[in-house]
Amino acid sequence: MKALYSLYPDQGAAQEAVDLLRVAGVSDRDIIIRSGEPLDDCELGQRDAGTWLPWITTAGGVVGLGVGTWLPRATAASWPILTGGIPAASWWPNLIIMFELTMLGAILATAAALIVSAGLITGSTAIHEPALAEGWILVGVMTSEPSARVENVLDPAGAGRIRTVN
Amino acid sequence: MTARWGMAVDLDRCTGCSACVVACHAENNIPTASPDHAARGRAIHWMRIERYWDGEFPDVRLKFRPVMCQQCDEAPCEPVCPTYASHHTAEGLNAQVYNRCIGTRYCANACPYNVRFFEFVNPAWDKPLHLQLNPDVSVRGVGVMEKCTFCVQRIKAAQLEARAGGQEVGDGTIKPACAQSCPATALVFGDLNDPESAVSRLARSGRGSKLLEELGTQPKVTYLARQTP
Amino acid sequence: MIDDLLQPVLRTSWRFVVLILVLGAIVAAGAGAWLYQVYYGIGMAGIRWPVFWAFYVTNFVFWIGISHAGTLVSAILRLVNARWRRPVTRCAEAITVFALMIGALFPIIHLGRPWLFFWLVPYPSERMIWPNFQSPLVWDFFAINTYLTGSVLFLLLPLIPDFALLRDRTAGMRQKIYTALALGWRGTPKQWRRLESAMTIMAVVILPVAVSVHTIVSFDFSMAPVPMWHSTIFGPYFVAGAIFSGIAALILVMAALRKALHLQAFLLPLHFDNLGKLLLMMSLLWAYFVFAERLTTWYGNDPSELAVFWATQRGTYAPLYWTMVACNLVIPVCLLSISRLRTITGCAIASVSVLIGMWIERFLIIVPALGHKYLPYSWGTYRPQPVEVVITVSTFAAMVLLYALFSKIAPVISVWELRAGERTR
């Protein structure tokens, strides 16, 4: 499996290159885009928005709330020890435990969802292109046989800008 | 019926002799503090005699008040303990479980009467004084809180004996070390659930009041006001 | 630009080594003092009847307070999209994590039997007993752990792209470490989107947690019937004080980093000017809370509360009290309200003053009240002992040490965020 790519100086140029690649028949799945910073200004950065992430946070929070509600009540019921003339388990102090565990659930769910959905543990290794750190944007194609159309898009002037990775 | 232990302290009878303090030390294996330790605030007195001066010289009066754990029904020291070392028993006592105590000292801060004490160092008794330790009472190590227990070891012993004999514990059978040693019988201990017991009758006295009653701790020690000038 | 930011990570000077050795020695002294205390008993500290909490709990509240800098400043600035936040956020987040780590040690240090601290953890034990969920100390356990988890993630997640950057710039063992730390970061638009979404969510979630943490720490005091502790104002008062001391710590750390790591091009007078204004506002807010509390106490005329009130204002603790007022109100207001004095140096001096004043404030909340409870026969004072002083000093050294080590592992200014910000300008 090879990859061919070219470097573009800004988001506009990168967007153009991606559009041309799509016209050239390359599917979105095979297009490789890498950058050293978020691509907030163009369409490239808008897809895969992951708008379901807040729902995962909420789900984590609900789980945390459940644990937080159950824990003080169940443990107090297992061995009711009376203190200070108040019941063994009361709502006002339990609200604090419920709140903290809700937030903990939300935090852990968000972090886990980020790590899993961004493919941070699995996933292929990076393309080590130092220019990414300088602000260049990498646009390329994952392909086993290079086609002339793709090469034309990536390097219209034939200036030898195309790099390959195996 | 389950007992509810309380005490009455007659401030008219108390002479400030401190026999109760000494007896409490002996009964409950309380370490004696050296002068240096006492100066550093490490002296432990489960029972203490508070002494207040009243008036200006030459019309000065001395007032004594024996203060021990008030065994509050709504003790502020109990809910704050993270390990349930301080909790309430069915007989109304505030129990201190030394083994559960990790020494956060929150209970001592929460106690408005300052009747809770802390083992700052491992106590030691020079030989042969270790022979006088009471085998019925734990010797506490460093880092745990302790306080007056109404001599719970004597309460338990009396209850076991009564049960073995098939009888009830009679009023006046149980005497904590302080009540036992008071020469003026200023300290009376008994069951507040028995309306005819000596302590119940004294608790109903017109002279009676509770210490820091306005805080709502519901202490079970009634102080009978001093009437003699 | 990137080279300037990565230079402290990639190159080590002899000055750094000396600093680490000196700080390490001080921290070792603190650890030694604590071991001494564990061996000979908590009685080596100056606590006594009736002042059972003093230096260690002061330090606990102080460091947890400092930790509010980071996440609050970073989270709030992220959420309102303040442009000037970019060089500041990672500095702030790092302060939070390290201050929390240090602060969380003190509940263990101050225990009478510290080897049993794990009994605060809710686990099924063979004793069949669980922690008392109605105790504020157990609330502390949950709050601080939640906040620590959240803050660590809040610091580490946006570090991933910078770890990837370092992975691409180093070789050998260092590269292996950074490869592991960078996880599988490739820089695809999907990963960037996810990261930014996650950071926004985290910023929203961490704010209520931060507020709750110091409120719960304040509950350690307000839940006890101690005169001048049992006050409903403690929650908001402590949170305001925490933010106040946190911003002071942030300014100081930024000023130090600017000098030590030559970040003059990134940490601009503008940043200090803005943070200085924030500090001024927090100083006035702190004064407002103190005024509200003290007026109510004075007017209420309760004898027990007035005993504590006068002890701080005119009695034994008066020198400390008025030093605190000077440090927390007079000096910051003078330095920070005059724009000509609100320079980097001016802000740094104000910050040092605030940190001293806030430490004294914590001490004055705890000790005078415990020394003057309801029964005058049992009043008492407090004198710190050497172990307490050594441990206190060593925590400041530990903070600087942790920060120095952090600056060796990661750039203290977020490279990718700074670049993204420059592009949008």
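Remember, predicted model here, so these are calculated numbers, not experimental data.

(A) Representation of the environment of Pro411(C). Residues and elements named next belong to chain C. When you line up the elements, Pro-411 lands in the loop between α15 (386-409) and α16 (415-424). Classification of Pro-411 as buried rests on a count of 26 C-beta atoms within 10 Å. Along the sequence, Pro-411 and Gly-235 sit 176 residues apart, while their C-alpha atoms lie 35 Å from each other.

(B) Representation of the sheet that holds strand β9 (residues 208-210) of chain B within the structure. Residues and elements named next belong to chain B. Ordered in space as β8-β1-β10-β9, the 4 strands form an open sheet in which the pairing is mixed. Of all strands in the sheet, those with a lone pairing partner are β8 (187-191) and β9, marking the two edges. For this sheet the average axis-to-axis angle between neighbouring strands, irrespective of direction, equals 30°. Across 5 bridges, the pairing between strand β1 (residues 5-10) and β8 is antiparallel. Bridging from a neighbouring strand, Trp-5 pairs with Asp-191 of β8.

(C) Inspection of the sheet that holds strand β4 (residues 163-165) of chain A at higher detail. Residue and element names in this part refer to chain A. If you trace the 4 strands from one edge of the open sheet to the other, you get β2-β3-β1-β4, paired in antiparallel fashion. Both edges of this open sheet fall to β2 (31-34) and β4, since each of them pairs with a single strand only. Averaged over all neighbouring strand pairs, the angle between strand axes comes to 30°, with direction disregarded. Here 4 bridges tie β2 to strand β3 (residues 137-143), and the two strands are oriented antiparallel to one another. Its bridge partner being in β3, Ile-31 is matched across the sheet by Val-141.

(D) Examining the interface of chain A and chain C more closely. Listed by partner, the interface residues are 50 residues for chain A and 45 residues for chain C. When residues of the side of chain A that touches chain C are traced back to their parent elements, those giving at least two are β2, α2 (53-78) and α3 (91-117) of chain A. Residue composition of the side of chain A that touches chain C, grouped by class: 29 nonpolar, 16 polar and 5 charged.

(E) Just the interface of chain A and chain B, in detail. Taken together, the contact between chain A and chain B spans 6 residues of the former and 9 residues of the latter. Residues belonging to the side of chain A that touches chain B are distributed by class as follows: 3 nonpolar, 3 polar and no charged.

(F) Region of interest: helix α10 (residues 234-260) of chain C. All names here are of chain C. Taking 1.5 Å per residue, 27 residues should reach 39 Å; α10 reaches 38 Å between its end C-alpha atoms and fits that length. The buried count for α10 comes to 21 of 27 residues, which makes it a mostly enclosed element. Immediately downstream of α10, the backbone of His-262 shows phi near 55°, a positive value.

(G) Quick peek at the nonpolar core. All names here are of chain C. Ranked by size, the top nonpolar core spans 238 residues in total, and within it Ile-95, Ile-247, Leu-250 and Ile-251 carry the most contacts. For this core, the element with the most residues is α10, which contributes 17 residues. Once residues lying within four places of it in the same chain are set aside, the contact partners of Ile-247 are Ala-69, Val-73, Leu-275, Leu-278, Leu-279 and Met-282.

(H) Main features of unusual backbone geometry. Residues and elements named next belong to chain B. Residue Pro-58 is reached from Phe-57 by a cis peptide bond, and omega for that bond is 5°. With respect to the helices, strands and loops of the structure, Pro-58 is situated in the loop between β2 (48-54) and β3 (61-67). In this structure, Asn-29 takes a positive phi of about 55° despite not being glycine. Its location among the elements puts Asn-29 in the loop between α1 (19-27) and α2 (35-39).

(I) Structural context of the confidence of the model for chain B. Mean pLDDT over chain B works out to 95, with 100% of the residues at or above the 70 mark. Model confidence for the complex is summarised by a pTM of 0.95, with the ipTM given as 0.93.

Rules used throughout
Residues numbered from 1 in each chain as written. Chains lettered and ligands numbered in written order. Predicted model: local features only at pLDDT ≥ 70, side-chain atom pairs only at ≥ 80, totals over all residues. Helix = DSSP H or I, 4+ residues; strand = E, 2+ residues; numbered from the N terminus. Buried ≥ 20, exposed ≤ 12 C-beta atoms within 10 Å, placed from the backbone. Pairing = 2+ DSSP bridges. Axes fitted to C-alpha atoms, helices over the stretch in contact; angles between N-to-C directions. Contact = placed C-beta atoms within 7 Å. Nonpolar A, V, L, I, M, F, W, Y, C, P; charged D, E, K, R; others polar. Expected span 1.5 Å × (residues − 1). Core = buried A, V, L, I, M, F, W, Y, C linked by C-beta atoms within 7 Å. pLDDT = per-residue confidence, 0-100.

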